[in-house]
Structures are given as C-alpha cells and as structure tokens.
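Residue-level listing of the chains:
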Amino acid sequence: MRARNRLLPALAAILMLVTSAGAVSAAGSHDHPEENGTATAPLDIVRKATDLPAWESRAPQTITIDLETVEVTGALADGASYHYWTFNRKVPGPFVRARVGDTIKVSLHNASDSSEPHSVDFHAATGPGGGGVATHAEAGETREFSFRTLKPGLYVYHCAVPSVAQHISNGMYGLILVEPEEGLPPVDREFYVMQGELYTAEAFGTQGNLQGSVEKLGAEQPEYYVFNGAAEALTGNNALVAETGETIRIYFGVGGPNKDSSFHVIGEIFDRVYQLGSFVTPPMLDVGTISVPPGSAAVVDMTLEVPGEFILVDHALSRAERGLLGKLVVTGKEQRDIFDVPDLGLNETHTDKEPH
Ligand SMILES: [Cu+2]
C-alpha cells in the first residue's frame, strides 16, 4: 500500500512534466451542449481531494496554466442539479503547484457558449487586480498574463467578473500553492479541499434543477454549503483515505464567497497549522479547530494514530445539515492505549483482525 501511495504522486509528477513545464489543462471542446451536462444528466463537477500534483525538488521555472472557464449543469445533491460556472469543469478549479521565484504564465480561455465573461484573480500575484482585469474574457476569447511568485504561501484564486460574489458562489475558485524554496516538511499523503456556499432559490433538499438566487446571495443566506462543489461530495468513493501511522496534509481553502469556516476534523488534532496559508510564520502546533476567512486558506498536518471514520466539518455545525460534510477513512491497527471502547464492540467494526 505504501508503494502505491508513492506511485500515484510520482505519476502525477510525471504527467505534470510531460505537459511541460507544468501546464494545467482541460481536454475537449465546449461546443457540444451534452458535454456541459443537462438537468437530467448533470456532470460530476466534484474535484477529488486527491487531484493535486506532487511536490518536486526543482529550481524556479516558467509554468503555463491553461484555464478554461466553462458553464455546466452539474450534480449538486441527490436528485438536484445546478448550473455551475467552473474553471476546467470541476469545483474547485485545478490545484496549481508552484514555488517561490517561478514565472506563471496564465492563459484563460472563456468557452464560446458561455453566458458571461470570466476572468481569474490570483492572490499569489503582485500586480493590479491579480490578473483579474488582464484576463477578462468574453465568450470565445482567450486572455493571457504572467506573474512572478514573490512570496511563498497558499493562496486562493477566483473569477473577478462582477458580480464577483455570484461568479465565486457558482464555483469559480481554486488554490495556488507557492512553496518555499526548501518545500514543506514531507508527509505521506496530501489532499485538496475547498469550502463554498450556494444560494439556490429553492430550499435545501429540493429535487430538480435548482436556480441561483441573487436575493439570497445579497442577503448572505445560502441554502447549501459544500466541500469541493457539491453536497457531501467528499464522502463515499470521494472520501479521503489513509492508513494508521501515516501523516497527511490538507490544503484547505475557502472560496466562499461570504462565509468563514471553522474547519475541524472530528476525532483528530492538527499537529501543524499554517494559519492563513503563511509559511514564513512558524506553524501553530496542536490545534483542534481553525478559522479560515473567505478568500483565504490554511495548511493542516495530522498524524493518524487510530483507525476509523473521521468527519470533516465546519464547526458552525448547522452547515453540516446543509451539505457540508466530508470523510477521512483511516484503516489499520487499533491503538487501544490511545482510544478504546471496551464494551461497545467498536474495535471489531474496523479492518484490524490481528490479535493484540
Ligand atoms: Cu466568472
């Protein structure tokens, strides 16, 4: 299992090299409506938490990022679809992995069938609008700009076309990691998770093709809260998976547009927290719940001592009943000196069949 763990990031790294020098791209054209999903056959817009490139030791280089802004009908919840606005057809947009001193060349193409202009503002960029004005593209247009990564950190990017709140809420946000020269301390597995809100005219739980509500958006009264784009998206086959004894890292961002997150993993303690995505500031140690504002991010590291299911939440827990729920499933040997439930048979529900 360990070998496979290492192989996947290695493959991802090779793919990144092949697309040289680290291009992030989406396949396909956008002139066929069926590719953009329908109310009866919505697309899976959820970006898997494992969908991020691996770290590599390297000198500063020029990286090309190809972003395509595509409006699609995606699955929001069981029996409910929504018209998302996306970077590369997934929410959040692609995880961009860079290092200090890189030059990032951004090419943004707005699909020809888009109803709106779109753009991208990188919080990692130093320059007017973070590129938001430079990349403002009408339907069918391509716009480019480049920036140097002057400062390490974990940063949000998002569409910056007014109403910006509407574009973000509809799914147009992602993370860019600018690693320090020496990288971060190594961990066994890394995950990419972002939180956002959706403002549907229909009440939470309504079936069918739901419509956006500018009134609820203006009042900051969302119906849905989501990790990686859809209700309870990071559960089932999309749950985060790891083994006892491993260290894991979550790159956690809040697209928002409006609500902060009190991010917490039930039954775990963060060993290291890089608050607000700062790597120059020493990380906080041993923290239970962190606060992440909209348009910001944090990095949390955990050591997994005990097997079982660990729930990812925003500790503003009413939101868990509006779709904001993820799972970390840990398999491996019980550690009864750390956590034991002698009378409930809890330990027998896990995969460990070895005698103690
Ligand atoms: Cu947009």
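Not measured: the values here are computed from a predicted model. (Residues numbered from 1 in each chain as written. Predicted model: local features only at pLDDT ≥ 70, side-chain atom pairs only at ≥ 80, totals over all residues. Heavy atoms only, no water.)

1. Things to note about the overall build of the chain
Put simply, the rule reads: Helix numbers and strand numbers start at the N terminus; a helix is a DSSP run of H or I with at least 4 residues, a strand a run of E with at least 2. Here the term buried applies to any residue with accessible area under 20% of the maximum for its type, exposed to any over 50%, and partly exposed to those in between, with areas from a 1.4 Å probe on protein chains only. By the convention used here, residues are in contact when the closest approach between their heavy atoms is within 4.5 Å. The accessible surface values rely on the Shrake-Rupley method and a 1.4 Å probe; as for residues, cover is taken only from the protein chains in view.
For the chain, the helix and strand inventory stands at three helices and 20 strands. Expressed as a percentage of the 356 residues in the chain, the buried residues total 51%. The long-range fraction of contacts in the chain, counting pairs at least 24 apart against all pairs at least 6 apart in sequence, stands at 73%. When the accessible surface of the chain is split by element, carbon and sulfur atoms take 55% of a total near 15300 Å².

2. Structural notes on the sheet that holds strand β7 (residues 153–158)
Here is the rule we go by: We treat two strands as partners when DSSP finds at least two bridges between them.
As summarised here, the arrangement of the four strands in space is β3-β8-β7-β5, forming an open sheet in which the pairing is mixed. Each end of this open sheet is capped by a strand with a single partner; those strands are β3 (96–99) and β5 (121–122).

3. Details of the nonpolar core
This is how it is decided: Note on terminology: a nonpolar core comprises buried Ala, Val, Leu, Ile, Met, Phe, Trp, Tyr and Cys residues joined through side-chain atoms within 4.5 Å. Boundaries between domains were set according to an automatic or database domain assignment.
Core analysis: the largest hydrophobic core is formed by 32 residues, its most contacted members being Leu-76, Tyr-84, Phe-95, Leu-154, Leu-175 and Tyr-251. At the level of secondary structure, the elements contributing two or more residues to this core comprise β1 (62–77), β2 (80–87), β7, β8 (173–179), β9 (189–198), β11 (224–227) and β18 (296–303). Lining this core are residues from two domains, each supplying at least three of them: domain 1 (2–28 + 42–179) and domain 2 (189–335). Phe-95 has contacts with Asp-51, Leu-52, Pro-53, Leu-154, Leu-175, Leu-177, Tyr-192 and Tyr-251, leaving out every residue within four places of it along the chain. One finds Phe-191, Phe-263, Val-273 and Ile-290 within the second-largest nonpolar core, a separate group that totals 28 residues.

4. Focus: unusual backbone geometry
Residue Ser-163 is bonded to the preceding Pro-162 through a cis peptide linkage, with omega at -10°. Backbone torsion omega between Gly-256 and Pro-257 reads 25°, so that peptide bond is classified as cis. Tracing the sequence through the fold places Pro-257 in the loop between β13 (247–256) and β14 (261–265). The phi torsion at Arg-89 lies on the positive side, around 70°, for a residue other than glycine. Structurally, the position occupied by Arg-89 is in the loop between β2 and β3. Within the chain, Leu-276 stands out as a residue other than glycine whose phi angle is a positive 55°. Mapped onto the secondary structure, Leu-276 falls in the loop between β15 (270–274) and β16 (284–287). When its relative accessible area of 53% is taken as the criterion, Leu-276 is described as exposed.

5. So, the pattern of salt bridges
In plain terms, the rule: A side-chain nitrogen of Lys or Arg and a carboxyl oxygen of Asp or Glu constitute a salt bridge if their distance falls within 4 Å.
For the structure on display, the rule yields 16 salt bridges. Here Arg-58 ties to Asp-102 by a salt bridge, and the two come within 2.7 Å at their closest N and O atoms. Of the two residues, Arg-58 is situated in the loop between α1 (2–18) and β1 and Asp-102 in the loop between β3 and β4 (103–110); the sequence distance between them amounts to 44 residues. Taken as a pair, Arg-58 and Asp-102 share a single burial class, namely buried. Its salt-bridge partner being Glu-223, residue Arg-322 comes within 3.1 Å of it at the nearest N-O pair.

6. Comments concerning the sheet that holds strand β20 (residues 326–331)
Put simply, the rule is: Only the stretch in contact is used when a helix axis is fitted, and all axes are lines through C-alpha atoms; the angle between N-to-C directions ranges over 0 to 180 degrees.
Judged by pairing direction, the sheet is mixed, and its five strands sit side by side in the order β12-β20-β19-β14-β17 without closing on themselves. Of all strands in the sheet, those with a lone pairing partner are β12 (240–243) and β17 (289–292), marking the two edges. Averaged over all adjacent pairs, the angle separating strand axes in this sheet is 20°, with direction ignored. Here β14 runs beside β17; their pairing, made up of four bridges, is antiparallel. Across the sheet, residue Ser-261 finds its bridge partner in β17, namely Val-292.

7. What about the packing of aromatic side chains?
Heads up, the condition is: Centre distance within 6.5 Å is the pairing criterion for rings of Phe, Tyr and Trp, where only the six-membered ring of Trp is used; planes under 30 degrees apart are then read as stacked, over 60 as edge-to-face, and the remainder as tilted.
Applying the stated criterion across every chain, the model contains 13 aromatic pairs. Summarising the aromatic geometry, the rings of Phe-263 and Phe-270 are spaced 5.9 Å apart at their centres and angled 15° between planes, so their arrangement reads as stacked. Through pairs of rings, three or more aromatic residues link up here, namely Phe-87, Phe-122, Phe-145, Phe-147 and Tyr-157.

8. Structural notes on the environment of Ser-278
Definition in use: Contacts described as polar in this section are N or O atom pairs within 3.5 Å, which, within protein, must combine one atom able to donate a hydrogen with one able to accept it, while residues neighboring in sequence count only if both atoms come from side chains.
Within the secondary structure, Ser-278 sits in the loop between β15 and β16. Distance from Ser-278 to Leu-154, taken between C-alpha atoms, is 6.9 Å for residues 124 residues apart in sequence. Among the polar contacts listed, one links the side chain of Ser-278 to the side chain of Thr-281, at a separation of 2.8 Å.

9. Concerning the confidence of the model for the chain
Just so we agree on the cut-off: Per-residue confidence from the predictor is given as pLDDT, running between 0 and 100.
Looking at the chain, pLDDT values average 90 and 87% of them are 70 or higher. Across residues 352–356 the pLDDT falls below 50, and counting only partners more than four positions away or on other chains, this stretch makes six contacts in the model.

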